[in-house]
Amino acid sequence: MCRHLARLGPAPVTLASVVTEPPHSLLVQSYAPADMRGGGTVNADGFGVGWYVSEPPGYSTEVRSRTALYRRDDPMWTDASFLDLARAVETTALVAAVRSATVGMPVSTAACAPFRGEAGGRTWLFSHNGVVRGWPHSMAGLAATLPPVDLLTLEAATDSALLWALVRARIAAGKDPADAVAGVASDALAAAPGSRLNLLLSDGDQVIATAVDHALSHRVDPDGAVTVASEPLDDDPAWAPVPEGSLLAARPGGVHDPPVVTVAAL
Ligand code: GLN
């Protein structure tokens, strides 16, 4: 199964310091993941990194709405240009994923997380690590709840792209983002029992993640930065596992605010 992470902090860091440089970085997890739980062996069917553009204070009133998205349908380790870019780009908030395509699903750039979209006046980045059982038939009922245009503009014919469209539609309809993620996870589990549904969503200010039949850990740094990842990026004892069947919602600490991390049963 794919591997993903989100990192939000008060101060900008390079993409490389999160995605490619740690001892068990997402780059390492693309060819040597440690905790796939029977869901594939390597994550070589593409990757993606989405990040929020950091700007000087006062530069823009829409700091969190500017994002960049870099996705490829090749293994991360083959993309020397990305490895170079990652050393130069800095951000306070990013979501990244490496993909192991579920058998029967297309391998294409558009199928690589993170998916990006607008809803409720925010720009969101979304990733899914797992599989929807009985795809696509099991999801026909939930898909029918979406506006036809959302279905016609689905990024890829994959379970992950449909889950993203469902989350986005619910946020657009006014739902709280954590409720939207929890609702989609429980509706998908009801429609497709046994599905593996680690969902990850951020708008650059908050991160929401589920652990449903897959590995997930989180870490809070002394400066208040919050990282959520399928597998710990290093052996820092600050990493804590997110219990199975739960939803994590977190906001990083800033100069004045302590970080807020809540973990609750789904
Ligand atoms: N099922 C999703 C896909 O094929 C996610 C795959 C995974 O987590 N390995 O894109």
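Computed from a predicted structure; not experimentally measured. (Residues numbered from 1 in each chain as written. Predicted model: local features only at pLDDT ≥ 70, side-chain atom pairs only at ≥ 80, totals over all residues. Heavy atoms only, no water.)

**Observations concerning the sheet that holds strand E9 (residues 217-220)**
- Strand order in the open sheet formed by 7 strands is E3-E2-E4-E1-E10-E9-E11, and the pairing between neighbours is antiparallel. Edge strands, defined here as strands with exactly one partner in the open sheet, are strand E3 (67-72) and strand E11 (240-241).
- The pairing of strand E1 (residues 3-14) with strand E4 (residues 90-98) spans 8 bridges and is antiparallel. Opposite His4, over in E4, you have Ala97 as the bridge partner.
- Sheet strands in contact with helix H3 (residues 80-88) are E1, strand E2 (47-52), E3 and E4, and its direction is about 20 degrees off that of E2. (Pairing = 2+ DSSP bridges. Helix = DSSP H or I, 4+ residues; strand = E, 2+ residues; numbered from the N terminus. Contact = heavy atoms within 4.5 Å. Axes fitted to C-alpha atoms, helices over the stretch in contact; angles between N-to-C directions.)

**Points about the site of the ligand**
- In the vicinity of the ligand, 12 residues are found, and the nearest of them are Cys2, Arg99, Ser100, Thr102 and Gly130.
- Computed on the free molecule, the ligand has an accessible area of 290 Å², of which 99% lies beneath the protein chains in the complex.
- The residue makeup of the shell around the ligand, split by class, is 4 nonpolar, 6 polar and 2 charged. (Near = heavy atom within 4 Å. Areas by Shrake-Rupley, 256 points an atom, 1.4 Å probe, with all protein chains shown as cover. Nonpolar A, V, L, I, M, F, W, Y, C, P; charged D, E, K, R; others polar.)

**Some remarks on the pairing of strand E10 (residues 226-229)**
- The alternating pattern of E10 places Val226 and Val228 on one face and Thr227 and Ala229 on the opposite face, and all of these are buried.
- Here E1 pairs with E10 via 4 bridges, running antiparallel. Paired with Arg7 across the two strands is Thr227, which belongs to E10.
- Two elements, E9 and E10, share 4 bridges in a ladder whose sense is antiparallel. Note that in E10 the partner of Arg219 across the bridge is Thr227.
- Counted between consecutive antiparallel strands, the loop separating E9 from E10 contains 5 residues, among which Gly224 sits at a positive phi close to 95 degrees. (Buried < 20%, exposed > 50% of the residue type's maximum accessible area, 1.4 Å probe, protein only.)

**As for the packing of helix H6 (residues 159-172) against helix H7 (residues 177-191)**
- Put simply, H6 and H7 touch, their axes get as near as 9 Å, and they point 140 degrees apart. In terms of orientation, H6 lies oblique with respect to H7. As for the relative orientation of H6 and H7, their crossing is right-handed in sense. Packed against H6, whose contacting residues are Leu163, Leu166, Val167, Arg170 and Ile171, the element H7 presents Pro177, Ala180, Val181, Gly183, Val184, Asp187 and Ala188 at the interface.
- Among the residues making up the contact of H6 with H7, the classes are represented as 9 nonpolar, 1 polar and 2 charged. (Parallel < 35°, antiparallel > 145°, perpendicular 65-115°, else oblique. Left-handed = near helix turned anticlockwise from the far one by under 90°.)

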